[in-house]
Amino acid sequence: MMLQFSEVVKVFEELEKVSSGNKMRVILASFFKNCPLKSIDKVAYFSLGQIASKYEDINTGMADKMVVKAIASASKNSEEVITNYYKKSGDIGETAEHFIGNVKSKLSVDAVFDQFHKIAKLSGAGSQYKKIILLSDLLKNCSSKEAKYVTKIILGTLRLGVGDMTVLDSLAITFTGKKENKKILEHAYNICPDVGVIAKTIASKGIKGIKSIDVVLGRPIQMMLAQRISNIQIIKEKIPGKIAAEEKYDGERVQIHISGKKIVLFSRRLENTTHQFPDIVRELKKTIKTKNCIIEGEIVPIDPKGNLLPFQTLMQRKRKYEVEKYTKKVPICVYLFDILFLNNKSFLRRNYLERREALEKIVKESKIVQLAKQTICNDIECVEEFFNKSLERGCEGILAKSCATDSVYQAGTRGWNWIKWKREYSKELIDTFDLVVVGAFHGRGRRSGKYGALLCAVYNDEQDQFETLCKLGSGFTDVQLAELPKKMKQYVVSKKPARVIANKDMNPDVWFEPKVVVEVLGAEITRSPMHTCAEKEGRGFALRFPRLVRYRPDKKPEQATTAREIKNLSIA
Ligand code: AMP
């Protein structure tokens, strides 16, 4: 059976109308039920507005001007006519819907998917022109509504409000009958963060197949996270035995996959960042004494003597062009701290000491590739001494790691096997939080024409939803304030996204699809009826005196501070 693309479009239209996360899951679940096995992974990607898993780095490489050209060619209109309409409507989908669609469509999901991938594969000289032709050919066979979604997926601007977790929930409902089974799917997703593979596996092999999903070299693993505490003594309570104190570097987390000569780097968002760090790749080839492993570390900027520099310096390395030139301008090094896979074996279930030993064996240290500095402690005094030394070296603090037999690598989990202790906590300044921007209020007076404040939310990872924590209005520079509306424009949606939970009296002037993460410094956590973070009896947690510290482009919205973390902190 061939699944028609028009069927998918019908479901997308329904999804766009709903305002509750649960309804969204029910709609997706009933659709998955009737999906042929062959197409289920494709539908899963499409519902996220993607054509492949993010880590695969497969992009159509089309800008809106090229899509305008394709619409013009397919509808036999001049480019000018299409451009004018697009300028007025501001929406490429609406533009395509208006001009395309004189046919009765017979397009299958697989045909659309294949055409997207053909477009993505084209590169080099003349490829822009060929991409336009391929898209135009596809549009000629689309109905109006289909054209709307095709162009949105091509440009990556489809905003249904569906996230990876929403898809997992729906798959659990469809194939196991119970939403509770999502835990098993989530566990598999942490090792294989590819909803297409998960969808196909559960549809063909059920829960048993899901349980046997394992590490694959080249496919990133969700990174293990650290808990936070409010008092250093808590480390001893949470880690009763030996504690490995490791320097905490303030840079960019990296997961390195080495397979023969091929080296791939993944960011914390699991995006392929190999092209950004050719210097690290070259050095890894010289310093890693095995041809087959997955290791993790933190990339940090250094001065010519090898001293650590502030995180901000690293931002200059986020570039598409002049990458090589900047390897000299902004030197970096990587501090390795974990190993997840070696010689075709998963190391996830090995304890910390075994993993560290294996890591030490395969690394020949150099100035650019180093092992995270570490010491094994029996008591808190030792941990504190190491912490003070780490600060002197320019680190932002330490990680205290359990050495117990069960100190396994908990992919995608924020457990008590890793605890972070930072300079800010020790000075009793309050901590920073990574929050998701979900709305904005228009500014007044000096800020008129700009945003006056942003509505920020935490992620509730149990419910797969975003719950508001504060209104953020300070800490912005004038330039940041002026640029905000432009920066956020692409995420504006016409109503509150289904997965955002806000008090009915919290009415921002603009709602955003949860995409942008900001790091926010706060002074106190209180209860408030206005916010919905870990809400109980009509009162959620709220952050007082929030200030913007920086944007966190390295974090996905689902990697923001969780509602549970805020709840734990307020109790501690
Ligand atoms: P945070 O981003 O504040 O939640 O702190 C956890 C992050 O610290 C990790 O995701 C790593 O990017 C970073 N980090 C720096 N040094 C280490 C280390 N030695 N072990 C683990 N994570 C580290």
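Just so you know, these numbers come straight off a predicted model, no measurement behind them. (Residues numbered from 1 in each chain as written. Predicted model: local features only at pLDDT ≥ 70, side-chain atom pairs only at ≥ 80, totals over all residues. Heavy atoms only, no water.)

Participant: Would you take a moment to explain the state of the cysteines for this structure?
Facilitator: Simply put, the disulfide is a covalent bond whose two ends are the sulfur atoms of two cysteines. Under the defined criterion, the tally for this structure stands at one disulfide. Covalently, Cys377 is tied to Cys382 through a disulfide, its sulfur atoms 2.0 Å apart. Handedness here is read from the sign of the S-S torsion; for Cys377 and Cys382, about -65 degrees, the answer is left-handed. The class for Cys382 is partly exposed, based on a relative accessible area of 22%. Residue Cys403 stays outside any disulfide, its sulfur separated by 9.2 Å from that of Cys377, the closest cysteine. By relative accessible area, which is 10% here, Cys403 ends up buried. (Disulfide = S-S within 2.5 Å. Buried < 20%, exposed > 50% of the residue type's maximum accessible area, 1.4 Å probe, protein only.)

Participant: Which parts of the structure should I look at to understand the pattern of salt bridges?
Facilitator: A side chain with one charge may pair with a side chain of the opposite charge, provided their charged atoms come close. Inspection of every chain in the model, using the stated rule, returns 41 salt bridges. Between Glu296 and Arg253 there is a salt bridge; the shortest N-O distance is 2.7 Å. Residue Glu296 is located in strand β5 (residues 292-301), and its partner Arg253 is located in strand β3 (residues 252-259); the two are separated by 43 residues in the primary sequence. We classify Glu296 as buried; its relative accessible area is 0%. The closest approach of N and O atoms between Asp554 and Arg552, which form a salt bridge, is 3.0 Å. Grouping residues by exposure puts Asp554 and Arg552 together as buried. Taken together, the salt bridges that share partners define one network made up of Arg25, Asp169, Lys182, Glu186, Asp464, Arg499 and Glu558. (Salt bridge = Lys/Arg side-chain N within 4 Å of Asp/Glu carboxyl O. Helix = DSSP H or I, 4+ residues; strand = E, 2+ residues; numbered from the N terminus.)

Participant: I'm lost on the side chain of Asp279 in this one. Help?
Facilitator: Mapped onto the elements, Asp279 comes out in helix α14 (residues 278-287). Look at Asp279 and you get buried, because its relative accessible area is 9%. Within polar-contact distance, the side chain of Asp279 engages the side chain of Arg317 at 2.8 Å. For Asp279, the contacting residues outside a window of four places in its chain are Arg317, Thr327 and Ile332. (Polar contact = N/O pair within 3.5 Å; in protein donor to acceptor, adjacent residues only side chain to side chain. Contact = heavy atoms within 4.5 Å.)

Participant: Is there a simple way to explain the nonpolar core in this structure?
Facilitator: Side chains of nonpolar character tend, in soluble globular proteins, to be buried together. By size, the foremost hydrophobic cluster in this structure holds 85 residues, and its most contacted members are Phe46, Leu135, Leu139 and Val150. Listed in part, the 31 residues of the second largest apolar core include Phe433, Val437, Met488 and Leu543. (Core = buried A, V, L, I, M, F, W, Y, C linked by side-chain atoms within 4.5 Å.)

Participant: Please explain the domain arrangement of the protein chain as it appears in this structure.
Facilitator: Where interface size is quoted, it is often the accessible area lost as the parts come together. According to the domain assignment, the protein chain consists of domain 1 (225-426) and domain 2 (431-569). A separation of 29 Å is found between the C-alpha centroids of domain 1 and domain 2. Every contact between the two is made by 10 residues of domain 1 and, on the other side, 13 residues of domain 2. Considering only the side of domain 1, the residues that lose the most area to domain 2 are Arg228, Arg268 and Arg269, jointly responsible for 51% of the buried surface there. Joining domain 1 to domain 2, the criterion identifies four salt bridges. One salt bridge in this structure joins Asp554 and Arg268, with 3.6 Å as the shortest N-O distance. Counting every contact that joins domain 1 to domain 2 gives six residue pairs in polar contact (both at pLDDT 80 or more). Along the lines of polarity and charge, the residues of the side of domain 1 that touches domain 2 split into three nonpolar, one polar and six charged. (Domains from an automatic or database assignment. Buried area = accessible area lost by both parts, 1.4 Å probe. Nonpolar A, V, L, I, M, F, W, Y, C, P; charged D, E, K, R; others polar.)

Participant: Is there a simple way to think about the sheet that holds strand β10 (residues 397-402) in this case?
Facilitator: Strands pair in a sheet through their backbones, by hydrogen bonds, and they do so in one of two ways: parallel or antiparallel. Pairing is mixed in the open sheet, where five strands are placed in the order β1-β11-β10-β2-β9. Looking at strand neighbours, the two that pair on one side only are β1 (225-228) and β9 (374-377), the edges of this open sheet. Here the strands of the sheet are splayed against their neighbours by 35 degrees on average, with no regard to which way each runs. Strand direction decides the pairing type here: strand β2 (residues 243-248) and β9, joined by four bridges, are antiparallel. (Pairing = 2+ DSSP bridges. Axes fitted to C-alpha atoms, helices over the stretch in contact; angles between N-to-C directions.)

Participant: I'm lost on the site of the ligand in this one. Help?
Facilitator: What surrounds the ligand is a group of 13 residues, the closest being Glu246, Arg253, Glu298, Lys401 and Lys420. One of the backbone N or O atoms of Tyr249 is found 3.1 Å from a nitrogen atom in the ligand. When the ligand sits alone it has 490 Å² of accessible area, and the protein chains cover 95% of it. Among the elements of the structure, β2, β10 and β11 (414-422) are those that each provide at least two residues to the shell around the ligand. (Near = heavy atom within 4 Å. Areas by Shrake-Rupley, 256 points an atom, 1.4 Å probe, with all protein chains shown as cover.)

Participant: Explanation requested: the sheet that holds strand β19 (residues 524-528) in the structure shown.
Facilitator: Pairing within the open sheet is antiparallel, and its three strands lie in the order β19-β21-β20. With partners counted over all chains shown, the strands left at the sheet margins are β19 and β20 (533-536), one partner each. Across this sheet, the average inter-strand angle for adjacent strands is 35 degrees, counted without regard to direction. Across five bridges, the pairing between β19 and strand β21 (residues 539-544) is antiparallel.

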